[in-house]
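# Topology and contacts: notes
The lines below spell out each chain.
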Amino acid sequence: MCTIASVFVDIIYKCRIWMCLYRVLVLSVFLSITQAVDRSNFKTCDQSAFCSRQRAMKPGQSSYTALLETLELSDSHLTVQLLNNNNKVLLLLELYRLQGNMTRVKINELKPIKPRYEVPDVLITDPPTELMSVVAQDEHRVVLSLGGEDWRLILSAQPFRLDIMEGPQVLLSLNSRGLLAFEQLRIRKDTKSQTDTEEAGEKEDTEKHDKEKVSEGEEEAEEEVDQPGMWEETFKTHADTKPNGPSSISLDFSLPGVEHVYGIPEHADGLRLKNTDGGDPYRLYNLDVFQYELFNPMALYGAVPVLLSHNTHRTMGLFWLNAAETWVDVSSGQGSSEVPQTDVRWISESGIIDVFIMLGPRPNDVFTQYSSLTGTQAFPPLSSLAYHQCRWNYNDQEDVSAVDQGFDEHDIPYDFIWLDIEHTDGKRYFTWDNNKFPQPKDMLQGLLDKRRKMVTIVDPHIKVDSSYKIHTEIRSRGYYIKNKDGGDYEGWCWPGNAGYPDFTNPEMRKWWASMFAYDQYEGSMENLYTWNDMNEPSVFNGPEVTMHKDALHGPWEHRDIHNLYGFYVQMATAEGQIQRSGGLERPFVLTRAFFAGSQRYGAVWTGDNAAEWGHLKMSIPMCLSLGLVGISFCGADVGGFFKTPSAELLVRWYQAGAYQPFFRAHAHLDTPRREPWLFGPDNTALIREAVRQRYTLLPYWYLQFYHAQRTGQPVMRPLWVEYPEDIATFSIDNEFLIGRDLLVHPVTDERSSGVTAYLPGNGEVWYDVHTFQRHDGAQNLSIPVTMSSIPVFQRGGSIICRKNRVRRSSSCMENDPYTLYVALDSQGKAEGEIYIDDGHTFKHKTDKQFIHRRLSFTANSLSSSDLSPDSQFPTASWVEQVNILGAQKPDAVTLTMTDGGESSVEFEFDPDTAVLTLRKPGVNAGVNWTLHLR
């Protein structure tokens, strides 16, 4: 959020002398961001000491031996010691067979000089285990049963290796390339006191004696030589002290028969992960990257260390539970017997090895397995699935009112208007600028009267100001992150000098949540929600624009927890919204930084993109990647944050954004205003139509998020998820599915006159949702397009519910009627669902107040039946119309109710489109009924 122009405006018009110095500093750091990211601000692997050190290892025979004589097997897990044959350090390997076809592998130092960080709070529970039994053992290996006759785990001793087998087939090998590396914590030799040296010597003697007992005949440990960067390193002017010395870990996994791997977001890259041989690995390290480049493995705002592999036979997943800076190498090639193979190597700066191997075998099985570990996507308020209007910044209350009125005047619906950092009193969060927003409750009430809402930004950098309540409370309670010397860590961000709350502290999170109470956050109301930005955390004068790694969170260094920071910020904020309503209302919180499990707390977006066609295209694979690892509520800034879109690009972005889960327009403060009606009446009409299409489909979007929070299945998903045996789908990332039943191929090329969409499914049919034209599956379909075109297809065999009466907000459509679109398959059948609740509370869970019904068309009858008989919810919505696609003309249509009542229904048949329209069946959406076509 920073450009040269905006900085100079602040310098000339706003700054005090000390603030001027700050702005000059920011200007010098980000001088080049108006064109593109300055790569020199961010490390490559070669510039990261631990990555360079680990990557220098070459594949070969592992230095680790599994000491099988130390093996212990309990009801819950197996343990065995691993010996590093070079330095004689012992590790402890723990193996768990988990319920749901998963295996957990943990490796830690057997006797570390201090505890190593193990990630808390991400797993929703301690994963339940299943019995693991030894089926064969000799001096070279142990064979373990993973359930069933064909599932085996083979632990090889020399060199150490794990293989997971299904019958004779190797599904996955661990350390087959010998790249396990575990840098043990140690005392720096040149800084020891004499006492330290004597004590360390005694410890070394004891450990040596222990090792000799379990490994007689081994050679003496090699003297370890310190390498540059082990104890301290410098990047630009920033020094990173490492009091515990080198602590990095590495492990390789081989996937025979696999050519396609996905996941490990966030990167501005294609859906399928590329081979990193000869270049940098993919980096997972949450960073504030301005106007990021496309098609490179640089780290971005979030990090989810989950990778999926897929071929025609099986889908599997790897979840590397580590919150430190992590690099992931992907190498694709030939394995043994010329079988394709992908090798994946994980390298993290600190912590332990804790990896979950999810064995599928189907894509949906992997989603279920992963969600059983980290939870499912939070069920959002229905209104948050509608359209959001944002920019940096709406100037004042009058500006907000004018924009709100503009939507009504141009008949464009919207649900949320957003305020960025300028709405606060001098970048003091939880406050309002008294000159620009003197009556925030009046402003919010005006929106509430129209059944609309607002989002304000609340960032985790706190202005150091003794008159600012938030700062003084955090400081007095000792809740700030500390620097390496024990004082409060301070850095530069939007307010100038800022402190950073320690959100890893549960007491800090509890206090932060309490600040969202209506009597604490003055001017807030029930229709005010929250945006957490800059929570990587962003530190303008820090290394790589983030926090120093030797800052302290209690006993832990920031290097251990870095990728968790944004996760905790969103967690505390979401809890605050829930608490302010007495636990009744569902929260809506948008976050920029995220980690595994962030799906439990709200939405994410793809950060500071640019108004370029390439960024529009990239929004698709970026959101698809997030959906694969549990985060379904994803979107990109419509129109691009930086730069100025052409009218054509803006229209195409609205058309694409209307079919992505989180639909928000956003823009930089230095860009010209771009409300939807500012580009001429023709473009206004095109944007209006795109937004209206989103609103008609809100019942379908809501149903998909209901399923996502129940099952963990992604809402926006790649085609291969539903067609896992169709190789043609494996590399497609310019189109996608919403749920199972809608296929979308946005137009993302300038001056496009046509697109080619792949319609999957041999023997399936697809219907153009605009023309109802029927197309066969398993083909590449050439589609001519105009500026009004949004290529969308409904799967034959599905029933989708829409609300075609579009009003100014989703809440205004609450009781409006439904239109059912019944798309018949080649056998003349179709199925679908409808889900209804109050749209905003937890009563669907606490009181079972919801409607969930199955819609089924078979044998020329369409019926509605209850999928949840023990739930109940009153609805005024009714079925206004039924459109049956691919139908034949009946002689009559009758409606039968459960009480035996029967009535005729008016209908029309269009022979050119084969669409049968049933008008006004008039049945309530929450009751049983059947329509008979005779």
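Quick notes on the rules
- Residues numbered from 1 in each chain as written.
- Predicted model: local features only at pLDDT ≥ 70, side-chain atom pairs only at ≥ 80, totals over all residues.
- Heavy atoms only, no water.
- Pairing = 2+ DSSP bridges.
- Helix = DSSP H or I, 4+ residues; strand = E, 2+ residues; numbered from the N terminus.
- pLDDT = per-residue confidence, 0-100.
- Contact = heavy atoms within 4.5 Å.
- Axes fitted to C-alpha atoms, helices over the stretch in contact; angles between N-to-C directions.
- Buried < 20%, exposed > 50% of the residue type's maximum accessible area, 1.4 Å probe, protein only.
- Parallel < 35°, antiparallel > 145°, perpendicular 65-115°, else oblique.
- Nonpolar A, V, L, I, M, F, W, Y, C, P; charged D, E, K, R; others polar.
- Disulfide = S-S within 2.5 Å.
- Phe/Tyr/Trp six-rings, centres within 6.5 Å; stacked < 30°, edge-to-face > 60°.
- Lys NZ or Arg CZ within 6 Å of the ring centre and 35° of its normal.

### Observations concerning the pairing of strand 5 (residues 133-137)
Bridge analysis of strand 5 against strand 6 (residues 141-145) gives four bridges, and the strand direction is antiparallel. Bridge assignment links valine 134 to a residue of strand 6, and that residue is leucine 144. Between strand 5 and strand 6, which follow one another and run antiparallel, lie three residues.

### Some thoughts on the confidence of the model for the protein
Averaged over every residue, the pLDDT of the protein is 93; residues scoring 70 or more account for 92%. Segment residues 205-218: pLDDT under 50, and 13 contacts once partners within four positions in sequence are set aside and those in other chains are kept.

### Some thoughts on the sheet that holds strand 45 (residues 830-836)
Taken in spatial order, the 11 strands line up as 50-49-53-47-46-45-43-44-48-52-51 in an open sheet, and their pairing is mixed. The sheet is open, and its two edges are formed by strand 50 (902-904) and strand 51 (906-910), each paired on a single side. Neighbour-to-neighbour, the strand axes of this sheet turn through a mean angle of 20°, independent of strand direction. Strands in contact with helix 15 (residues 698-711) are strand 43 (798-802), strand 44 (818-823), strand 45 and strand 46 (851-858); relative to strand 45, the strand with the most contacts, it is inclined by about 85°.

### Concerning the pairing of strand 16 (residues 306-310)
Each regular strand carries side chains that alternate between the two faces of the sheet. With five of five residues buried, strand 16 is to be regarded as a mostly interior element. Here strand 16 shows two buried faces, one formed by Val306, Leu308 and His310 and the other by Leu307 and Ser309. As consecutive antiparallel partners, strand 16 and strand 17 (residues 315-320) are separated by four residues.

### Section: the packing of helix 13 (residues 647-657) against helix 14 (residues 681-696)
Direction vectors running N to C along helix 13 and helix 14 enclose 10°, while the axes themselves pass 8 Å from each other. With respect to helix 14, the axis of helix 13 lies roughly parallel. Side by side, helix 13 and helix 14 meet where Ala647, Leu650, Val651, Tyr654, Gln655 and Gly657 of the first sit next to Asn683, Leu686, Ile687, Ala690, Val691 and Arg694 of the second. Across the contact of helix 13 with helix 14, the residue classes tally to eight nonpolar, three polar and one charged.

### Thoughts on the sheet that holds strand 2 (residues 78-84)
Sheet strands pair by backbone hydrogen bonding; their relative direction is either parallel or antiparallel. A sheet is described by the order of its strands in space; here eight strands give the open sequence 1-2-3-4-20-17-16-14, paired in antiparallel fashion. Each of the sheet's edge strands pairs with one partner strand only, and the pair in question is strand 1 (64-73) and strand 14 (260-263). Averaged over all pairs of adjacent strands, the angle between their axes in this sheet comes to 20°, without regard to strand direction. Both strand 17 and strand 20 (residues 353-358) contribute to a ladder of four bridges, which runs antiparallel. Counted as the bridge partner of glycine 317 is methionine 358 from strand 20. Sheet contacts for helix 5 (residues 363-374): strand 3 (90-98), strand 4 (102-109), strand 16, strand 17 and strand 20; angle to strand 17, the most-contacted strand, approximately 25°.

### Focus: the state of the cysteines
Following the criterion strictly, the structure yields two disulfides and no others. Two residues share a disulfide in this structure: cysteine 623 and cysteine 634, whose sulfurs sit 2.2 Å from each other. As the torsion about the S-S bond is roughly -75°, the cysteine 623-cysteine 634 disulfide counts as left-handed. Note that cysteine 623 is positioned in helix 12 (residues 613-628) and cysteine 634 in strand 32 (residues 634-635), a separation of 11 residues in sequence. With relative accessibility at 2%, the residue cysteine 623 sits in the buried group.

### Some words on the packing of aromatic side chains
Taken as a whole and assessed by the stated rule, the structure comprises 45 aromatic pairs. Look at phenylalanine 633 and phenylalanine 705: their rings are 5.2 Å apart centre to centre, the planes differ by 65°, and that puts the pair in the edge-to-face class. Note that phenylalanine 633 is positioned in the loop between helix 12 and strand 32 and phenylalanine 705 in helix 15, a separation of 72 residues in sequence. When sorted by exposure, phenylalanine 633 lands in the same class as phenylalanine 705, which is buried. Through successive ring pairs, a cluster of aromatic residues spans Phe416, Trp418, Tyr529, Trp531, Phe588, Trp605, Phe633, Phe662 and Phe705. If you follow arginine 104 out to its NZ or CZ, it ends over the ring of tyrosine 96, 5.9 Å from the centre.

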